Amino acid sequence: AEMLGQKLLDDYPNNKIDRSQCFQSLGDIYKLRGDFVLSLDYYKAALDHEEVYPNVKTQAYLDFSEVVIKLEKKEIYPIVRLLILDRVKNSPFQLEKYRSYSFLSIINFRLGNYVEAIECSEVAEQSASVKTTDLRYHKKLGVITQREKWIDDLITCYRNEKAPDNEVR
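What comes next concerns the included structure. (Residues numbered from 1 in each chain as written. Predicted model: local features only at pLDDT ≥ 70, side-chain atom pairs only at ≥ 80, totals over all residues. Heavy atoms only, no water.)

1. Some details on the packing of helix H1 (residues 2-11) against helix H2 (residues 16-33)
How two helices sit against one another is set out by the angle between their axes and by the gap between those axes.
Then step 1. The N-to-C vectors of H1 and H2 enclose an angle of 150 degrees; their axes lie 10 Å apart at closest approach. With respect to their mutual orientation, H1 and H2 come out roughly antiparallel. For H1 against H2, the interelement crossing comes out left-handed. Judged by residue contacts, Glu2, Gly5, Gln6, Leu8 and Leu9 of H1 engage Asp18, Arg19, Cys22, Phe23, Leu26, Ile29, Tyr30 and Arg33 from H2.
Then step 2. Within the contact of H1 with H2, the residues separate by chemical class into seven nonpolar, two polar and four charged. (Axes fitted to C-alpha atoms, helices over the stretch in contact; angles between N-to-C directions. Helix = DSSP H or I, 4+ residues; strand = E, 2+ residues; numbered from the N terminus. Parallel < 35°, antiparallel > 145°, perpendicular 65-115°, else oblique. Left-handed = near helix turned anticlockwise from the far one by under 90°. Contact = heavy atoms within 4.5 Å. Nonpolar A, V, L, I, M, F, W, Y, C, P; charged D, E, K, R; others polar.)

2. What to know about unusual backbone geometry
Then step 1. The phi angle at Glu72 is positive, at roughly 55 degrees, despite the residue not being glycine.
Then step 2. Assignment of secondary structure puts Glu72 in the loop between helix H4 (60-71) and helix H5 (77-88).
Then step 3. On the accessibility criterion, Glu72 (47% relative accessible area) is partly exposed. (Buried < 20%, exposed > 50% of the residue type's maximum accessible area, 1.4 Å probe, protein only.)

3. Observations concerning the nonpolar core
Then step 1. Counting residues in each nonpolar core, the largest one holds 39 residues, and the members touching the most others are Tyr61, Phe64, Val68, Val80 and Ile84.
Then step 2. At the level of elements, H2, helix H3 (36-52), H4, H5, helix H6 (94-111), helix H7 (114-129) and helix H8 (149-161) are the ones that each hand at least two residues to this core.
Then step 3. Considering each element in turn, this core owes the most residues, seven residues, to H4.
Then step 4. Apart from the residues within four sequence positions on either side, Phe64 is in contact with Leu40, Tyr43, Lys44, Leu47, Ile76, Val80 and Leu83. (Core = buried A, V, L, I, M, F, W, Y, C linked by side-chain atoms within 4.5 Å.)

4. A short note on the packing of aromatic side chains
Then step 1. Going through the model one piece at a time under the given rule, you end up with five aromatic pairs.
Then step 2. With 6.4 Å between their ring centres and 35 degrees between their planes, Phe23 and Tyr42 make a pair best called tilted. Note that Phe23 is positioned in helix H2 and Tyr42 in helix H3, a separation of 19 residues in sequence. The pair Phe23 / Tyr42 is uniform in exposure class, with both members buried.
Then step 3. Joined through ring pairs, the aromatic side chains of Phe23, Tyr30 and Tyr42 make up one cluster. (Phe/Tyr/Trp six-rings, centres within 6.5 Å; stacked < 30°, edge-to-face > 60°.)

5. Focus on the packing of H6 against H7
Then step 1. Following both chains from N to C, one finds H6 and H7 inclined at 160 degrees, their axes separated by 8 Å at the closest point. Here H7 runs roughly antiparallel to H6, going by the angle between their axes. Our pair here, H6 against H7, has a crossing hand that is left-handed. Residues Gln94, Lys97, Tyr98, Tyr101, Ser102, Leu104, Ser105, Asn108 and Phe109 of H6 form the contact with H7, whose participating residues are Tyr114, Glu116, Ala117, Ile118, Cys120, Ser121, Val123, Ala124, Ser127 and Ala128.
Then step 2. The residue inventory of the contact of H6 with H7, partitioned by class, reads 11 nonpolar, six polar and two charged.

Rendered as structure tokens:
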């Protein structure tokens, strides 16, 4: 897959439709290998391509956000916050909302914005609890079937340990 992705990028540089997805797939490969730095570069390339070609969108922004959080790249948190807020606002998918607001919650906890962090975690929790959609023929499309343990554990840890005593836990 890595070789084919790289070949697509090298042999078809004018292919604007598949390029962003190819960058995202290469980012996924390196993330699975544990090379978060290289995966971050590929996700960033996908996002840069989507900036130039806004009609070709992927979920690279969520993967990018995940890696930024795992690497604790605090200098990139403001960019991630804006990126997530821009992309998630029109999403009909609960899974996308769950991941997006969970990531925003983690970032806000790390930045000391406890009230915002708790609000985001509550939106993420609401999204995770939705069992069907309003889509007529796709009642389960984008609904969460399995939560991401590392995300839930991290938010729970922050809610229990970092929230001020006067905050609701």
